[in-house]
Amino acid sequence: LTHTRGIDKEIVYAMIAEGKVYGARTEKNGYTFHNCAFVGYDKTGKPRYCALRAPSSDSKFRQDIENSDKTYGFCMEGRSNRVYEFEAPIDVMSHATLCKLHGIGWREDQRGAEGCLSDKALYRYLQHHPEIEEIVFCYDNDVDGKDAKGQPHNHGQIQAEISAETFADLGYKTFIQTPNTKDFNQDLMAYRGLLTQEAMPQELER
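Residues numbered from 1 in each chain as written. Predicted model: local features only at pLDDT ≥ 70, side-chain atom pairs only at ≥ 80, totals over all residues. Heavy atoms only, no water.

Visitor: Is there a simple way to think about the overall build of the protein in this case?
Guide: A count of helices and strands for the protein gives five helices and nine strands. On C-alpha atoms alone, the protein measures out to a radius of gyration of 18 Å, which is about the 17 Å that the 2.2 N^0.38 rule sets for 206 residues. With the principal axes as the frame, the protein shows a C-alpha extent of 55 × 45 × 45 Å. Looking at the 206 residues of the protein, the share that counts as buried comes to 43%. Of the contacts formed within the protein by residues at least 6 apart in sequence, a portion of 59% connects residues at least 24 apart. Of the roughly 11,700 Å² of accessible surface on the protein, 50% is carried by carbon and sulfur atoms. Treating the 25 positive side-chain charges of the protein as one cloud and the 32 negative ones as another, the clouds have centres 5 Å apart. (Helix = DSSP H or I, 4+ residues; strand = E, 2+ residues; numbered from the N terminus. Rg over C-alpha atoms; globule rule 2.2 N^0.38 Å. Buried < 20%, exposed > 50% of the residue type's maximum accessible area, 1.4 Å probe, protein only. Contact = heavy atoms within 4.5 Å. Areas by Shrake-Rupley, 256 points an atom, 1.4 Å probe, with all protein chains shown as cover. Lys, Arg positive; Asp, Glu negative; His and termini not counted. Charge placed at Lys NZ, Arg CZ, Asp CG, Glu CD.)

Below, the structure is given as structure tokens:
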């Protein structure tokens, strides 16, 4: 996650310490696969959801462990009354990393992932976090998306608009934060690329 996805080491290790991230090794047809596991817990601390994702952005591998309950999403709890909601755990951690890189306390706000385009995990999270007043929907920017008829359809942003309206009607302050690229991990990698380019002239001067 730190090398292939650019996520900050402190954030990765914090999630490992909380039992929310670990390395998964699976074997199939004589091949061994190493993936990242992201875990969601219920209020008693029992794991109820586990998503396996390839560490590399080049891989399309996505799998939820059998009997996973998507209403218990991967989350990073914070102290504020604001929650940022994403499709994927990697985007959750990427957003936290971007905040840290910009000098913003990454533990301050709350973050959660649906594991898909749905608000089911958010509904449950809000039940256990009555202090939350603001919701920021950070779903993917599917500029190349198509609907069933092959017409342009930005799945993530369309869902973000629907979700923002739905929860506004429930009394929450809602906002939409759209990634500049497809998702916040791609945004993070692009930003790290810029930082590297800016540092290169300084290195050459030395």
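Visitor: Would you explain the pattern of salt bridges in this entry?
Guide: Opposite charge on two side chains allows them to pair when their charged atoms are near. Applying the stated criterion across every chain, the model contains twelve salt bridges. For Asp142, the salt bridge identified is with Lys182, shortest N-O distance 3.6 Å. Separated by 40 residues along the polypeptide, Asp142 in the loop between β8 (134-137) and α4 (155-169) and Lys182 in the loop between β9 (173-176) and α5 (184-205) bring together distant segments of the chain. Relative accessible area serves as the criterion here: at 13%, Asp142 is assigned to the buried category. Members of the salt-bridge network, linked through shared partners, are Asp8, Glu10 and Lys100. (Salt bridge = Lys/Arg side-chain N within 4 Å of Asp/Glu carboxyl O.)

Visitor: Can you help me understand the packing of aromatic side chains in this one?
Guide: For any two aromatic rings, the description comes down to two numbers: the centre-to-centre distance and the angle of the planes. Tallying each qualifying case throughout the model produces six aromatic pairs. Put simply, the rings of Tyr123, Phe137, Tyr139, Phe167 and Tyr172 pair up and form one aromatic cluster. (Phe/Tyr/Trp six-rings, centres within 6.5 Å; stacked < 30°, edge-to-face > 60°.)

Visitor: What should I look at first to understand the pairing of strand β2 (residues 31-41) in this one?
Guide: The side chains of a regular strand alternate between both faces of the sheet. Bridge count between β2 and strand β3 (residues 47-53): six bridges; the pairing is antiparallel. Each residue of the ladder has a partner; that of Gly40, found in β3, is Tyr49. (Pairing = 2+ DSSP bridges.)

Visitor: Is there a simple way to explain α4 in this structure?
Guide: Along an α-helix, residues three or four apart share an orientation, since each turn contains 3.6 residues. End to end, α4 covers 21 Å across 15 residues, agreeing with the expected 21 Å (1.5 Å per residue, within 8%). Listed as buried for α4 are Gly156, Gln157, Gln159, Ala160, Ser163, Ala164 and Phe167. Taken down its axis, α4 places every buried residue within 155 degrees of arc, on the same side. Turned more than 90 degrees off the buried face of α4, the exposed positions are Glu161, Glu165 and Asp169. (Expected span 1.5 Å × (residues − 1). Arc of directions from axis to C-beta.)

Visitor: What exactly am I supposed to notice about helix α2 (residues 89-101) here?
Guide: Here α2 contains 13 residues, and its C-alpha end-to-end distance of 19 Å stays within 8% of the 18 Å for a straight helix at 1.5 Å per residue. Where burial is concerned, most of α2 is hidden: eleven out of the 13 residues are buried. Residues of α2 that are buried include every one of Pro89, Ile90, Asp91, Val92, Met93, Ser94, His95, Ala96, Thr97, Leu98 and Cys99, and no others. Phi turns positive, to about 80 degrees, at Gly103, one or two residues after α2.

Visitor: Explain the pairing of β9 here, please?
Guide: Sheet topology note: the β8/β9 ladder contains four bridges and is parallel. Each bridged residue has a counterpart across the sheet, and for Glu134 the counterpart in β9 is Lys173. Since β8 and β9 lie parallel, the crossover through α4 that links them has a hand, and here it is right-handed. (Right-handed = clockwise from strand over helix to strand, strands pointing away.)

Visitor: Looking at this structure, I do not really get the sheet that holds β9. What am I missing?
Guide: In a beta sheet, neighbouring strands pair by backbone hydrogen bonds and run either parallel or antiparallel. The strand order across the open sheet formed by five strands is β5-β7-β6-β8-β9, and the pairing between neighbours is mixed. Two strands lie at the open edges of the sheet, namely β5 (75-76) and β9, each paired on one side alone.

Visitor: Got a minute to help me understand the packing of helix α1 (residues 9-17) against α2 in this structure?
Guide: Geometrically, a packed helix pair is captured by the angle between its two axes and the distance between the axes. Across the interface, α1 lies against α2 with an axial gap of 9 Å and an inter-helix angle of 135 degrees. One element, α1, and the other, α2, form an angle in the oblique class. The crossing of α1 and α2 is right-handed. In this structure, α1 contributes Glu10, Ile11, Val12 and Met15 to the contact, and α2 contributes Met93, Ala96, Thr97 and Lys100. Tallied by class, the residues present in the contact of α1 with α2 amount to five nonpolar, one polar and two charged. (Axes fitted to C-alpha atoms, helices over the stretch in contact; angles between N-to-C directions. Parallel < 35°, antiparallel > 145°, perpendicular 65-115°, else oblique. Left-handed = near helix turned anticlockwise from the far one by under 90°. Nonpolar A, V, L, I, M, F, W, Y, C, P; charged D, E, K, R; others polar.)

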